[in-house]
Amino acid sequence: MSEQLYQAMAQSIIDGDADEAERLAKEAIQAGIDPLEAINQGFVVGVNQVGDAFSCGDAFLPELVMAGEAMKTAVNTLEPEMARRGTSRQMLGKVVLGTIHGDIHDIGKTLVGTMLAASGFQVFDLGVDVPVTALVEKALEVGADIIGVSSLLTTTMVRQRDVVEALDDMGLRPRVKVMVGGAPVTREWVAEIGADGYSEDAIGAVKVARALVEK
Ligand code: B1M
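Residues numbered from 1 in each chain as written. Predicted model: local features only at pLDDT ≥ 70, side-chain atom pairs only at ≥ 80, totals over all residues. Heavy atoms only, no water.

Concerning the domain arrangement of the protein
Segmenting the protein into domains produces domain 1 (2-85) and domain 2 (93-214). Between domain 1 and domain 2, the C-alpha centre-to-centre distance is 24 Å. Each partner contributes to the interface: domain 1 provides nine residues, whereas domain 2 provides eight residues. Carbon and sulfur atoms supply 78% of the area that domain 1 and domain 2 bury against each other, a total of about 780 Å² over both sides. The tally of links between domain 1 and domain 2 comes to one salt bridge. The partner of Lys-72 in a salt bridge is Asp-106, and the shortest N-O contact between them spans 2.4 Å. (Domains from an automatic or database assignment. Contact = heavy atoms within 4.5 Å. Buried area = accessible area lost by both parts, 1.4 Å probe. Salt bridge = Lys/Arg side-chain N within 4 Å of Asp/Glu carboxyl O.)

Given below as structure tokens:
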């Protein structure tokens, strides 16, 4: 039953059909399916397929845009349920989060923010295309424990290093930690720029953030 639903979810993203994606997301909630599982086993499968087709020239920008919109609709529909399922009542720490300057991909970043908030972190999500200075200033203003930087493009990923360097220059590390993420980010890259942590997905991001505030 859920296998069929997951396939239909992937297909709704491939078709760029936001209404269908929303309908299927609601169906999953009613069926009591874990929203994160619906995202990872259903919708993400579709968006990855469109991304792959785009990179080898079998799909074009309009398809990428429509897939992105449908994906966003699905995640937005599932978000309240994710937050509702969050169990933590204690405040674990403060995270300033954003997609770095030059990059407007926000679906994964928003998912990470939702999971962090549902797990007990206070999240200050600055959105997309966020300059390094804005992340650092917000962290200072709110007394953040972690700055979370998302990048989906290899061209913008390099700015994650700028965040680490800005904090080092201001003598703010290790008090403020830097967690990075996004599809092109690798363990090697994290070691190269000296960031404090990274994760490949939203669940992992919560584990990493917990470990960082306990340090
Ligand atoms: Co774009 N795009 N895109 N795109 N897009 C990619 C990233 C790409 C890999 C597609 C491809 O060619 N295969 C490619 C990048 C190539 C590269 O740099 N090597 C690409 C490109 C080229 C572009 C444009 C340049 C296209 C153009 O205009 N010619 C352009 C750039 C615009 C810009 O940012 N300046 C562009 C635009 C777009 C849309 C606007 C159309 C749309 C985004 C809509 C939106 O976000 N509102 C879009 C989409 C949808 C994608 C793909 C298909 C899907 C991204 C996504 O939402 N994934 C993507 C291909 C792909 O990744 N398969 C692609 C689902 C999401 C749940 O996963 O974002 O990876 P993800 O997040 C995960 C993890 O990465 C991790 O946890 C999340 C949850 O599991 N994570 C973190 C993310 N952030 C984290 C932070 C953390 C920790 C973990 O700590 C802080």
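Thoughts on the environment of Leu-152
Mapped onto the fold, Leu-152 is located in the loop between strand E3 (146-150) and helix H7 (154-169). The spacing of Leu-152 and Asp-103 is 49 residues in sequence and 7.1 Å in space, taken between C-alpha atoms. With residues near it in sequence (within four places) discarded, Leu-152 still touches Asp-103, His-105, Gly-182, Ala-183 and Pro-184. (Helix = DSSP H or I, 4+ residues; strand = E, 2+ residues; numbered from the N terminus.)

Some details on the pattern of salt bridges
Considering all chains together, one arrives at eleven salt bridges under this definition. Across the pair Glu-22 and Lys-26 runs a salt bridge, and its minimum N-O distance is 3.2 Å. Of this pair, Glu-22 and Lys-26 are both found in helix H2 (residues 18-30), four residues apart, which corresponds to roughly one turn of the helix. Its relative accessible area of 28% is what places Glu-22 among the partly exposed residues. Residue class for Lys-26 comes out partly exposed when judged on its relative accessible area of 45%. Here the salt bridges do not stand alone but share partners, grouping Glu-20, Arg-23 and Glu-27 into one network. (Buried < 20%, exposed > 50% of the residue type's maximum accessible area, 1.4 Å probe, protein only.)

Here we look at the nonpolar core
Counting residues in hydrophobic clusters, the biggest one holds 36 residues, and the most contacted among them are Met-9, Phe-43, Leu-116 and Met-179. Those elements giving two or more residues to this core turn out to be helix H1 (2-14), H2, helix H3 (35-55), helix H4 (61-85), helix H5 (107-118) and helix H9 (202-214). When residues in this core are grouped by element, the largest group, seven residues, is from H4. Once residues within four sequence positions are removed from consideration, Phe-43 is found in contact with Met-9, Ser-12, Ile-13, Ala-21, Leu-24, Ala-25, Ala-38, Met-71, Ala-74 and Leu-78. Counting residues in each nonpolar core, the second largest holds 27 residues, with Val-96, Val-163, Val-164 and Leu-172 among its members. (Core = buried A, V, L, I, M, F, W, Y, C linked by side-chain atoms within 4.5 Å.)

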